[in-house]
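Examination of the molecular architecture
One letter stands for each residue in the lines below.
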Number of protein chains: 4
Amino acid sequence: MRVGMLTSGGDCQSLNATMRGVAKTLYNLLHDDVEIIGFIEGYKGLIYSDYKIMKPKDFSGILTEGGTILGTSRQPFKLMRTPDANGLDKVKAMKDNYKRLGLDCLVVLGGNGSQKTSNLLREEGLNVIGLPKTIDNDLWGTDVTFGFQSAINLATQTIDCIHTTAASHGRVFIVEIMGHKVGWLTLHAGIAGGADIILLPEIPYDINKVADALKKREKEGKRFSIIAVAEGAISKEQAAMSKKEYKKYVEERPYPSVAYEVGDQVKKLTGQEVRVAVPGHMQRGGEPCPYDRVLSTRLGAAAGKMIVKGEFGYLVGMKNNEITKVPLEDVAGKLKMVSPDSSMVKEAKLLGISFGD
Amino acid sequence: MRVGMLTSGGDCQSLNATMRGVAKTLYNLLHDDVEIIGFIEGYKGLIYSDYKIMKPKDFSGILTEGGTILGTSRQPFKLMRTPDANGLDKVKAMKDNYKRLGLDCLVVLGGNGSQKTSNLLREEGLNVIGLPKTIDNDLWGTDVTFGFQSAINLATQTIDCIHTTAASHGRVFIVEIMGHKVGWLTLHAGIAGGADIILLPEIPYDINKVADALKKREKEGKRFSIIAVAEGAISKEQAAMSKKEYKKYVEERPYPSVAYEVGDQVKKLTGQEVRVAVPGHMQRGGEPCPYDRVLSTRLGAAAGKMIVKGEFGYLVGMKNNEITKVPLEDVAGKLKMVSPDSSMVKEAKLLGISFGD
Amino acid sequence: MRVGMLTSGGDCQSLNATMRGVAKTLYNLLHDDVEIIGFIEGYKGLIYSDYKIMKPKDFSGILTEGGTILGTSRQPFKLMRTPDANGLDKVKAMKDNYKRLGLDCLVVLGGNGSQKTSNLLREEGLNVIGLPKTIDNDLWGTDVTFGFQSAINLATQTIDCIHTTAASHGRVFIVEIMGHKVGWLTLHAGIAGGADIILLPEIPYDINKVADALKKREKEGKRFSIIAVAEGAISKEQAAMSKKEYKKYVEERPYPSVAYEVGDQVKKLTGQEVRVAVPGHMQRGGEPCPYDRVLSTRLGAAAGKMIVKGEFGYLVGMKNNEITKVPLEDVAGKLKMVSPDSSMVKEAKLLGISFGD
Amino acid sequence: MRVGMLTSGGDCQSLNATMRGVAKTLYNLLHDDVEIIGFIEGYKGLIYSDYKIMKPKDFSGILTEGGTILGTSRQPFKLMRTPDANGLDKVKAMKDNYKRLGLDCLVVLGGNGSQKTSNLLREEGLNVIGLPKTIDNDLWGTDVTFGFQSAINLATQTIDCIHTTAASHGRVFIVEIMGHKVGWLTLHAGIAGGADIILLPEIPYDINKVADALKKREKEGKRFSIIAVAEGAISKEQAAMSKKEYKKYVEERPYPSVAYEVGDQVKKLTGQEVRVAVPGHMQRGGEPCPYDRVLSTRLGAAAGKMIVKGEFGYLVGMKNNEITKVPLEDVAGKLKMVSPDSSMVKEAKLLGISFGD
């Protein structure tokens, strides 16, 4: 049996742990009757036939390693049907390489965009299994994605560290947290870090309400405030813009990112001293936390077993702490967002956390 | 409104975060119309009227603090109906103090034993709300308990560190992991730490099978092996003993704990060099991890809201990532154990992890 | 005996550990014969008589706590001789409060600016002892300052995390590291984090040489590069500007900080994909690392002993791993900078690290 | 040029970082004119000609990796002159292999025992450079050894975690800390972790004084106490035994290690509840801390430069924060111990820490 494997899109923690889970299960069940082909830098490796024949020892000792031993790259789904610079038909190339290499299936560790492509390959007749990779937790069909909890830990640590300096000095601190177009990471890290205000893409903010919340805290004698702002957070005005208008707005604003914009605005509205921290890509790096390692190991084992049983065309996810198989066609193109009416948002509001709405 | 609060039994991470969640919610909803009474060292404080009137600032800055600001102690349930050394009727004393202090309800952060007592108080007519505290995760009626994930993180870190030295030297390492009479902590930390063999109370081990697994690894050229053994793990022979026989056996064996016993046995059976690590109570200490802080904050907010609405007699838990209320009478006296047939154990076996069974 | 104590300037880790060291030593040597007065928010508390009589238990359990239990504020030295908004003579006020409270001495935990003021108070006849606080390590008269190693750890962790994502994607990453006008923090964290290029205030960079170093790495097949840039780093052109010109330049450039400027420039010069991370104040927060706790405890014990012996007018520092006492007049107004010819810079260059010079 | 390299004795953190420092410097200075031979599992690899020709990429990405990529083993110095089971003359074999492989020098990362052997090889005419590896910090000729600070961090974390549970419950906790026959690790971790009592091999304890210190704390209202005990700690009675008597004593006592013995004794003498934690080998594992990585990189760079300049026969160490070269003959056979009269011990006593003496 020959199994192809690739990691696609933005990297995150626990990619290696997941691949190890799949591989160890395959080796344990099939011994010498399985060979794993690792494609280099995601779909690029499959398109251009850049791969490596993996050995059991390649998967040894990688449970705790950050990044991906295969490398990754972004290959936008919307360009998949467009020939490359040399006129190569990418989809055909992937199918040809799959066949030429005698693959029985392809395991794709990827997020939203990557699973759209994996569904396309499924439609083209390939045997595909998807595994839910992303710190954004925005993948439809699974409660959690691997990388998410590790990123929460790092984002929370940043807020924790800023907490002690904020408390000592009496200032407003704004921490910009990753998460692409959704607020999962900011919501969790904001609550875990004890943020006073949390701004999410799903709940457009009114900057005056943000300023009011800061002034109220000051009036209550609280010497400092912490705002956790998602990199994709938008104001009510911005939310009302067309996509094109918003794009233009972002390009023209004199700030590298939203945290600096919010910072300047609340400074003007409240007169309080403001500092900004943008930990950036560090949130997707470093070693996976134990939660993610258990998740990855379980998902990997389940995927390994499905390969042996010949069950293809699914994303392997986690639903209510049990493995779930969701047809890739049901996953592709959907985005799992934070609901403003979710119990978790409501519980945060019960504590007095402001969402600026 | 007057709300009593206490932390009971063995301490764990996130006790303070949970109390903060309850308190912040109450202050946010009721402002000056609520007063919180904190009992010192668990039920002892309620029995002997040792308490402190809490202020909002007492709950400030404790989200990340380990331990419990109220202190804790073990007050075995089976002795609750027995008068103390001075002839005091403890249950009556608790009821009297509850009434004398004008309490509207009592919030009990505790594990299995403590919730038996909280149910007893409920039966006696008090308004009680339970919150699921324990690193052991053995509480019936909730998927997870706070403290559990933080303890997994510390136990896993111990295994991680031992991994590098094991790999460098080529040895067998045995790490003894807490968890009282159940294997949840060892199962999770063992998988997260990449243990080769996992020994749990729920799956009695055959020491010869453990030795065989070690010898098999050696034969395959693997230079080292890691055994994660639960402090409550037992062999098949021990499992066959009566409770009394087993107690006598433990008292008489020349080892302070099970890891040393397993260590000696596999040394004799395999001839391999063996080292033992017993990180002990460090696993229940230190600051709560972000996962636990989110969990504690949500549970605390839910409990706060229930108090305001007058819903009593429940353990507040988490079921499928949503808050759940379970009648205390359904929780008391039950133990949530790892099922040997659970999907998680099966997934671990798929990877080749041995449970010595 | 009455001892005043204050923490002044930007906060850092290990302030509490240091105060604990002083206090525990005083209580241990003098028992009830000593009383400690804690001034709130640094010199502000001394000027406006805002203080708290400390108890032994105030210093208990704070060894690992970030921030400062006394609060801090910046009171610029150059304004000390200027009356405040109400015409108050600040220096006179400090002297008066010192006498009125019957203080035998004043312990000042502070950095460069704060120790200038402590020297001024010494000149005015007060008994002062300085303790070297700063993550910048720029204090003259001591090999190390407390806070420095803790900040190195956090800055290094940021680089570590970015390393795995950089390696997976093949990109240039720029991490902006604190340190005010000196490069100690960036030099240490850069080496510890395996940065390829390190830019320091003390070694003005030539952006073309930075770009050359990046291109060389790309040519050698290295898929990514990491630049550690000090927040005070400057180019050769900027170093040639007058102070006024440079200030104007910084105000007018369309970047919130140097990392974004360097980022834009190398992107243009190399065509490589660039990402920026600015962890900011998180570097001065969180709990002190064990190295700092030992340092703080030793410095605090030495200061406590000096108080009992009546030795005043010194900064207590560490020289060659032994306590040293340096007259405050020798410390005030001096800045300890990284020498471009220091052995550590040379050793870094031996490894192939570029400083862009 | 051909450079041999090996890691010998008990492993520790930062072995890989040190080798990387040497290798990167050699490649940077000599480019293709250098080849590094890595011997497998320490001197064993040199004796039995088990080696690997290293490539630059072997040293890439290992700065943060725990353990050693070459493996290690203990080859006791006192058996070096004894032929092996097959009659092989080990010293001759090492010399022969050195010559046969055309080595210009041999770099030995090792502790006390290993550097005795490296000195022996020097006496036999080989070009040797030693690098100071050990978590014990007992190597003569250098202020610090790599691994030491990383081990302090882990041992301190264990004490930290135990602190919160100790404080919540009111108990005596004993943490056994590594360090072989010296007390450096326990002294530093004990101070950093806020231990109340510290027991070191260099300061034999009187168990009654230990018990007195515990009782005094209890009398002062302190609810808990923490004892940091070095694995090599001994009582005054044990210190008075002959080496043979002591060995017999240890073999016959019903405890796996000293912490359990002290635990039982203080329990009997004070009646207080006692718990024991033995984190064991985890203290030498995991990734090196930034302090060690800087130290290792500097030592490695210095060693690389010395190799190029042809300076052999030295241990490369750190003295007053600068690189120092100490003749191997001055290092071999000496042990750097904690002096009971050192300023650090005195400073700890100033704070009220008891050493049981």
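Residues numbered from 1 in each chain as written. Chains lettered and ligands numbered in written order. Predicted model: local features only at pLDDT ≥ 70, side-chain atom pairs only at ≥ 80, totals over all residues.

What follows concerns the overall build of chain A. Scanning chain A for helices and strands turns up 13 helices and 11 strands. A compact globule built from 357 residues should have a C-alpha radius of gyration of about 21 Å, and chain A, at 22 Å, falls within 12% of that. Along the three orthogonal principal directions, the C-alpha set of chain A runs to about 70 × 40 × 30 Å. The proportion of buried residues among the 357 residues of chain A is 59%. (Helix = DSSP H or I, 4+ residues; strand = E, 2+ residues; numbered from the N terminus. Rg over C-alpha atoms; globule rule 2.2 N^0.38 Å. Buried ≥ 20, exposed ≤ 12 C-beta atoms within 10 Å, placed from the backbone.)

Let's shift gears to the arrangement of the chains. No interface is formed between chain B and chain C, the nearest pair of C-alpha atoms being 10 Å apart. The least C-alpha distance between chain A and chain D, which are not in contact, is 10 Å. (Contact = placed C-beta atoms within 7 Å.)

With that settled, the discussion passes to the packing of helix 13 (residues 343-350) of chain A against helix 11 (residues 290-309) of chain B. Close contact between helix 13 of chain A and helix 11 of chain B brings their axes to 9 Å; oriented N to C, the two are set at 70 degrees. In this view, helix 13 of chain A runs roughly perpendicular relative to helix 11 of chain B, as classed from their interaxial angle. Where helix 13 of chain A crosses over helix 11 of chain B, the two elements pack in a sense that is left-handed. Contact residues: helix 13 of chain A offers Met 344, Glu 347 and Leu 350 of chain A, while helix 11 of chain B offers Arg 298, Ala 301, Ala 302, Gly 304 and Lys 305 of chain B. Among the residues making up the contact of helix 13 of chain A with helix 11 of chain B, the classes are represented as four nonpolar, one polar and three charged. (Axes fitted to C-alpha atoms, helices over the stretch in contact; angles between N-to-C directions. Parallel < 35°, antiparallel > 145°, perpendicular 65-115°, else oblique. Left-handed = near helix turned anticlockwise from the far one by under 90°. Nonpolar A, V, L, I, M, F, W, Y, C, P; charged D, E, K, R; others polar.)

Here the focus is the interface of chain B and chain D. Tallying the contact residues gives 32 residues for chain B and 32 residues for chain D. When residues of the side of chain B that touches chain D are traced back to their parent elements, those giving at least two are helix 5 (148-169) and strand 9 (274-277) of chain B. Of the residues forming the side of chain B that touches chain D, the biggest block, 11 residues, is contributed by helix 5 of chain B. Classifying every residue of the side of chain B that touches chain D by side-chain character gives 13 nonpolar, 15 polar and four charged.

When chain A is fitted to chain C, the best match, at an RMSD of 0.0 Å, comes from turning it 180 degrees and sliding it 0.0 Å along the axis. Such a combination of turn and shift is consistent with a two-fold rotation axis. When C-alpha positions in chain A are compared against the rotation axis, the closest is assigned to Pro 279 of chain A, at 2.2 Å. Counting the interface residues of chain A, we find that 100% of their copies in chain C are interface residues as well, pointing to one common contact surface. (Least-squares fit on C-alpha atoms with pLDDT ≥ 70 in both.)

This part covers the domain arrangement of chain A. Many structure descriptions define interface size as the accessible area lost when the parts assemble. Residue and element names in this part refer to chain A. Here chain A is described as being made up of domain 1 (2-147 + 288-331) and domain 2 (149-284). The C-alpha-based centres of domain 1 and domain 2 are spaced at 34 Å. For the side of domain 1 that touches domain 2, a count of residues per class yields five nonpolar, five polar and four charged. (Domains from an automatic or database assignment.)

Tallying the contact residues gives 32 residues for chain A and 32 residues for chain C. Of all the secondary-structure elements, those providing two or more residues to the side of chain A that touches chain C are helix 5 (148-169) and strand 9 (274-277) of chain A. Top element by residues in the side of chain A that touches chain C is helix 5 of chain A. It accounts for 11 residues. Looking at the side of chain A that touches chain C residue by residue, the classes come out as 13 nonpolar, 15 polar and four charged.

This part is about the sheet that holds strand 6 (residues 172-177) of chain A. Residue and element names in this part refer to chain A. A sheet is described by the order of its strands in space; here four strands give the open sequence 7-8-6-9, paired in parallel fashion. The outermost strands of the open sheet, each flanked by one partner alone, are strand 7 (197-199) and strand 9. Strand-to-strand twist in this sheet, taken as the mean axis angle between neighbours without regard to direction, amounts to 20 degrees. Pairing between strand 6 and strand 8 (residues 225-230): six bridges, direction parallel. Bridge assignment links Val 172 to a residue of strand 8, and that residue is Ser 225. Relative to the sheet, helix 5 contacts strand 6, strand 8 and strand 9, its axis offset from that of strand 6 by approximately 170 degrees. (Pairing = 2+ DSSP bridges.)

Next up on the list: the packing of helix 5 (residues 148-169) of chain D against helix 6 (residues 184-192) of chain D. Residues and elements named next belong to chain D. It is the contact of helix 5 with helix 6, at a shortest axis distance of 8 Å, that shows an interaxial angle of 50 degrees. In terms of their interaxial angle, helix 5 and helix 6 are classed as oblique. Where helix 5 crosses over helix 6, the handedness of that crossing is right-handed. On helix 6, the residues touching Phe 148, Ala 151, Ile 152, Ala 155, Thr 156 and Ile 159 of helix 5 are Trp 184, Leu 185, His 188, Ala 189 and Ala 192. In the contact of helix 5 with helix 6, the residues fall into nine nonpolar, two polar and no charged.

All names here are of chain C. Within the open sheet, the four strands sit side by side as 7-8-6-9. Their pairing is parallel. With one partner strand each, in any of the chains shown, strand 7 (197-199) and strand 9 (274-277) form the two edges of the open sheet. Each strand axis lies, on average, 20 degrees off the axis of its neighbour in the sheet, ignoring direction.

On to the environment of Lys 99 of chain B, then. The residue Lys 99 of chain B is located in helix 3 (residues 90-100) in this model. In sequence terms Lys 99 of chain B and Met 318 of chain B are 219 residues apart; their C-alpha atoms lie 31 Å from each other.

Following the sequence through the fold, Gly 67 of chain A ends up in the loop between strand 3 (51-53) and helix 3 (90-100). Of the residues examined, Gly 67 of chain A has 26 C-beta atoms within 10 Å and is grouped as buried. Here Gly 67 of chain A is in contact with Asp 11 of chain A together with Thr 164, Thr 165, Ala 167 and Ser 168 of chain C, once residues within four sequence places are set aside.

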